[in-house]
Amino acid sequence: MIVQVLVSGIAVGGIYVLVAQGFYITWRTSVTLNFGQGDFLMFGAFVALSFLRAGVPVVLTAALVVVCLAVLGAVLERVAIRPVMTAGHAALTWAFTTLGVGVIIQNAAISIWGNSSQNFPPLFGGKLELLRIGGVGVYAAELAIIVLSTVIMLVYLWVLRRTLFGKALAAVAFSSDTAALFGINVRRMHMLAYVIASVLAGICGLLVGPISVVHPFIGLNFALKGMAAAILGGFASPLGIWVGGLLLGVIELTSNLVSSQFGDLYPFLVIVLVLIFRPSGLFAGREAGVDPAR
Amino acid sequence: MVRLVRVAVAVAVIAVLPYVFPTAYFTHLLTTIAYSTIVVLGLNVLIGFSGQISLGHAGFYGVGAYTTALLSAQHGWSLWLTFPAAIVVAAAAGFVLALPAIRTKGLYLAVMTIAFGFVVEILSQRWVELTGGTMGVYGIPALSWLGTPVGGVGYFYVVAVVALALQLLLNTLVGSLWGRTLTAVKDSEQAAEAVGIDVLRWKVLAFVVSAGCAGLGGAFFAHQNGYINSDAFTFSTSLFLLVALIVGGLGNRYGPVVGVTVLTLLNQLSAQLYEYRFYTLGVLLLGVLIFMPFGIAGGVTALARRLGRRPAPGSGSPPAAPAVVTAAGAARDGIALSVRGLMKHFGGVVAVDGVDVEVAMGTIHALIGPNGAGKTTFINLVSGRLVPDRGHVACAGIALDGTRPFRRARRGVIRTFQNLQLFSDLTVAENVSVGAHRHVRATTLEFAFGLPRARRAEAEARRRTAALLAALGLAGIADRRPDEIAYGHRKLVELGRALAAEPAVLLLDEPVAGLNATEADRIRELLARIRAQGVTILLIEHNMDFVMKISERVTVLNFGQKIADGTPETVQRDPVVLEAYLGRRHGATAAVTTRA
C-alpha cells in the first residue's frame, strides 16, 4: 500500500516537476511566466487524444504534440509577452495576457472537443495493467510517467548546463543587456524559453492522459501544483524544483489517503508553510543563482 | 460645489434607472452591476493603485457571501451585524493570505491568490455540512426596513447608494496624500522606504481594503436572491471581475463602474453565445491590454484632457526667499552619524571592511574612493537597505542596528539614489510631497472622510512642496511627470523629495554625477544652504572639485577599507590616497610634487 502510494505520488509529482520547469525557464530568462500553462497541458492532452483515436502510433503522436505546442509557445510569446513588455504597460500585464490566451485555448477546447470528460486510450498496455515488481503491484502508466519524466529532466538539465544554448540562457537570466552586447539574441532566447515551456506542458498532457480523465478545465489544477513545485524549489534551482515537485506529488497522494474529501487542499497548506518558514524555497543556497526577484 | 452637483446627478441617475425598463429582470441586472462595481472598486485599489495582483478575488467575494448567508439564515443574526461581519471576515482572509506572500515576491502573491480562489471553490463545493455544496444555502433573508421587505427596486437603491458612497470615499482616498503614497509604493518600493513609508504595511493594507470590498459585494449578492451555491465562486468569477476592471480602465477611478456595466450588458446581449464566453473574456483581456492599456475610462480621460484646456502652469508667485528646509532644531555640535566597524561581504568579496566613520552635526562629510571601493555599499548599509555582517550604525546617539530602511528614514536618515528612483506615475510636485510622509499622522479613515487631521497634513505637504519647488527652481514643471523632464531636473526632484522629509542626516549618492558645471555649482550652493540650516550631509561623489570645495571632512575608501580621513587639504596630499587613485609610481611622484 505504502509503496503504491509512493509510486503514484512520484508519477504525479513527475508531471508537476515538468510543468514547474516550464515556469522556471521563462521566469529565469524574461521574468514572466505563462499563467495559462495548465491550459497548454490540457491542449496537449486533447491533441494527443485526437491523434491516438485516429490510430496514429504513440511515438508519432508525441512528435506531433511537441510540434503543435512548440508553435503555440512561440505564438504566446509573440502575442501575449512581447507586446506588453514595453513602456506604458503596467508591470504585471503579462500575467493577465497569458491568462487571456489560456482562457481562449480553454474555449477552443470546449468548441472542438466538447465540455465533458473523456477517457484516454492507454499508451503502453492496458490502463489498469499491473506490473509485479519485487512483489509490489505498479500500474504500467505510472511507471511510464516516472521513467519518461526522469529521462526528460535529465535531458533538460544537460541542455541547461552543458550546451551553448543553456549557457546563453543563463547569460540572459543574469543580465539581458550584457548578453545582448555579446551577440546573444535576447528576444529569441525569450521565445525559445516559451517554446520549451509549452513543449514540456504538452508532453505532460500526453503523459497524464492515461492516469486521469481529460476535460477542458483540468489545466488550473496542474498549473497550481506546478507553481507550488516551483515555489518549493524557490524558482531558483531546477534540481530543487525536481525534488520539490516529487515531494508535492507524494504529499498529495498521502493526504488523499487520509481524507479524500479535502485531499486537494493539503498541498496548498504546504505552500503556505513554505512561504512562511522557507520563503526562498526548500533548498535555498544549494545552487548559486541569480535572485529571481531581480 | 462642482462635487456636490456631480453627486446630485449620480443620485438622480440611480433614482431614475430602475424606471427605464421597469421589469424585475432589468432591476435585477442593475443590482448585479451595483454590487459587482463594489467588488471591482476594491480590486482597482489593489491592482490599479498598489500594483499588486489578485487572480482569485472570487474567493473573498465568496467568503463575504457565505458569512452573511450562514449567519443570517442559520443563526438568525440581524443583517445589521452580518454585513459588517462579511466585510471583516473577508478582510481578515485577505490579511492572512497577504502577510506571508507579500514578504517574498510579487509573483508569489499572484500564485497565492489563485490558490486561495481555488481553495474557496473546493471548500464551497465539498464542505457540504457548512456550505451545502452545490445544493447551496437557502432561506437567506431579504433586506427589510421597519419590518417590510425593501423589494427589488428598493434593494437596488440600497446597493447603488452604498456603491456610490464607496466610489466617493475611494475618490477622496486616491486623490489624497494616501493615494499618492500607495502609488509611490507601486512605482518604487526602495524610494518609498527611503522616505519612511512602511511598504509592507501599505501593501497589506491595500490587500485588506480590497478583500473587504469584495466581501461587501458578496454579501449584497447573497441577499439578492435569498439563495447561493458554490457555482458563483469559481475561477471564472475571478476572471470576470478582472476583465471588467481591465476593460474599464486599470488605475482609473471610474474604470470599475464602466467595466462592470459594459461587461455585464455584453454578457446579457450575448446570452445565446454562452458557450463562447471564455473567448469573449480572453479576447477582451488580450485586446484591451495590448491596444488600450488604460481601458475605456482611461481612453475617455485622455481624450478629455486633450480637448480640455491645460491648466495655467504655476499658481501665483512663490513665497519670497523660502527656507529650503525648516530648521531641524537639533543641537549644532556632537556626532550626527556614527559608524563603527562596519563590515559586509558578498560571497568572497569584502565590499566594506571594518570601516569607522563619524560625521559631525551640521557638517558636510564626503566619502570618496575609486570605483568598487565600497561607497554605495556603505550608504546601503547606513540606510538599512543592506544588512551588515558586523558593525554598528547610530544616528544622534540612537542605535539603528537591525532596523528596516523606513524606520531609519523616520529617525531622519534620508537618502537619495545614484540611479534615480522617482515615482514615475506621480508629478514632480507629488513626488516631492510624498517625501513628507514621515510627518503625516492621519489614518486611512481620516483620509477617506477628509477629516481635519488629513486636511491639515495635505495642506502642510502642499505648503512645504511649494516652498521646496520654488527653492529648487522646479515650480515651472511642477505638473510634469519624471519621464517628461531633463536629467538635471530629475536629480533636483530626487533631492527635493529627500528635503521634504526634513532630514537630520542626508545621504547623497553622487548628487552631481552627470550634471554640467553650472548645475553642479547650483547644487553646491543649495547644499551649503541646507547645511546652514543644521542638516548633516554625508555624500559620495567622484567630482573632486565639488568634493574639495564643499566638504568639511573627507573619508577615503579603497577596496572596502578606510585609507584616509581628514580635512580636504590633508586628504589631497596623503600619499596613500594618491597611490589608490593614480597607482604606485605616479602616486609617489605626485605626492613629492605637491610637497615641493
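Here the structure is shown first, and the text comes after it.
A.B. asks: Break down the overall build of chain A for me, citing the residues and quoting the values.
C.D. replies: On a plain count of helices and strands, chain A comes out with 11 helices and two strands. In chain A, the order of α-helices and β-strands from amino to carboxyl end is α-α-α-α-β-β-α-α-α-α-α-α-α. A compact globule built from 294 residues should have a C-alpha radius of gyration of about 19 Å, and chain A, at 19 Å, falls within 12% of that. In terms of principal-axis extent, the alpha carbons of chain A reach across some 60 × 45 × 35 Å.

A.B. asks: Please set out the environment of Tyr16(A) residue by residue, giving values where relevant.
C.D. replies: Residues and elements named next belong to chain A. Among the secondary structure elements, Tyr16 is positioned in helix α1 (residues 2–30). Sequence-wise, Tyr16 and Met227 are 211 residues apart; in three dimensions their C-alpha atoms are separated by 8.3 Å. Dropping the residues within four chain positions of it, Tyr16 is found in contact with Lys225, Gly226, Ala229, Gly245, Leu248 and Gly249.

A.B. asks: How would you explain the nonpolar core if you had to name every residue and give the values?
C.D. replies: With 291 residues, the main nonpolar core has Val19(A) and Val243(B) as its most contacted residues. Taken domain by domain, the makeup of this core includes at least three residues from each of domain 1 (21–233) and domain 2 (335–412 + 503–595) of chain B.

A.B. asks: So what's going on with the sheet that holds strand β6 (residues 390–395) of chain B? Residues and values would help.
C.D. replies: Sheet strands line up and pair through hydrogen bonds in the backbone, either parallel or antiparallel. Residues and elements named next belong to chain B. As summarised here, the arrangement of the four strands in space is β4-β3-β6-β7, forming an open sheet in which the pairing is antiparallel. Either end of the sheet is taken by a strand with one partner, and the two such strands are β4 (349–360) and β7 (398–399). Along the sheet, helix α15 (residues 375–383) makes contact with β3 (335–346), β4 and β6, crossing β4 at roughly 65°.

A.B. asks: How would you explain the interface of chain A and chain B if you had to name every residue and give the values?
C.D. replies: The interface is formed by 36 residues belonging to chain A together with 35 residues belonging to chain B. With 12 residues, helix α4 (residues 93–113) of chain A is the single largest residue contributor to the side of chain A that touches chain B. Of the residues in the side of chain A that touches chain B, the class split is 27 nonpolar, eight polar and one charged.

A.B. asks: Help me get a handle on the sheet that holds strand β11 (residues 553–558) of chain B, residues and values and all.
C.D. replies: All names here are of chain B. Within the open sheet, the six strands sit side by side as β8-β9-β10-β5-β11-β12. Their pairing is mixed. The sheet is open, and its two borders are formed by β8 (413–415) and β12 (561–566), each paired with just one other strand. In this sheet, adjacent strand axes meet at a mean angle of 20° when their direction is disregarded. Inspection of the sheet shows β11 paired to β12 by five bridges, in the antiparallel sense. Looking at β12, one finds that Asn558 is bridged to Gln561. Its contacts with the sheet place helix α24 (residues 575–582) against β11 and β12, and it is angled at close to 130° to β12.

A.B. asks: Could you give me a rundown of unusual backbone geometry, with the residues and numbers involved?
C.D. replies: Residues and elements named next belong to chain A. For Val31, which is not glycine, the phi torsion reads 55° and is therefore positive. With respect to the helices and strands, Val31 occurs in the loop between α1 and α2 (37–53). Here Val31 falls in the partly exposed class, since 17 other C-beta atoms lie within 10 Å of it.

So, how was this worked out
Residues numbered from 1 in each chain as written. Chains lettered and ligands numbered in written order. Predicted model: local features only at pLDDT ≥ 70, side-chain atom pairs only at ≥ 80, totals over all residues. Helix = DSSP H or I, 4+ residues; strand = E, 2+ residues; numbered from the N terminus. Rg over C-alpha atoms; globule rule 2.2 N^0.38 Å. Contact = placed C-beta atoms within 7 Å. Core = buried A, V, L, I, M, F, W, Y, C linked by C-beta atoms within 7 Å. Buried ≥ 20, exposed ≤ 12 C-beta atoms within 10 Å, placed from the backbone. Domains from an automatic or database assignment. Pairing = 2+ DSSP bridges. Axes fitted to C-alpha atoms, helices over the stretch in contact; angles between N-to-C directions. Nonpolar A, V, L, I, M, F, W, Y, C, P; charged D, E, K, R; others polar.

Limitation: the analysis is restricted to geometry and does not speak to function.
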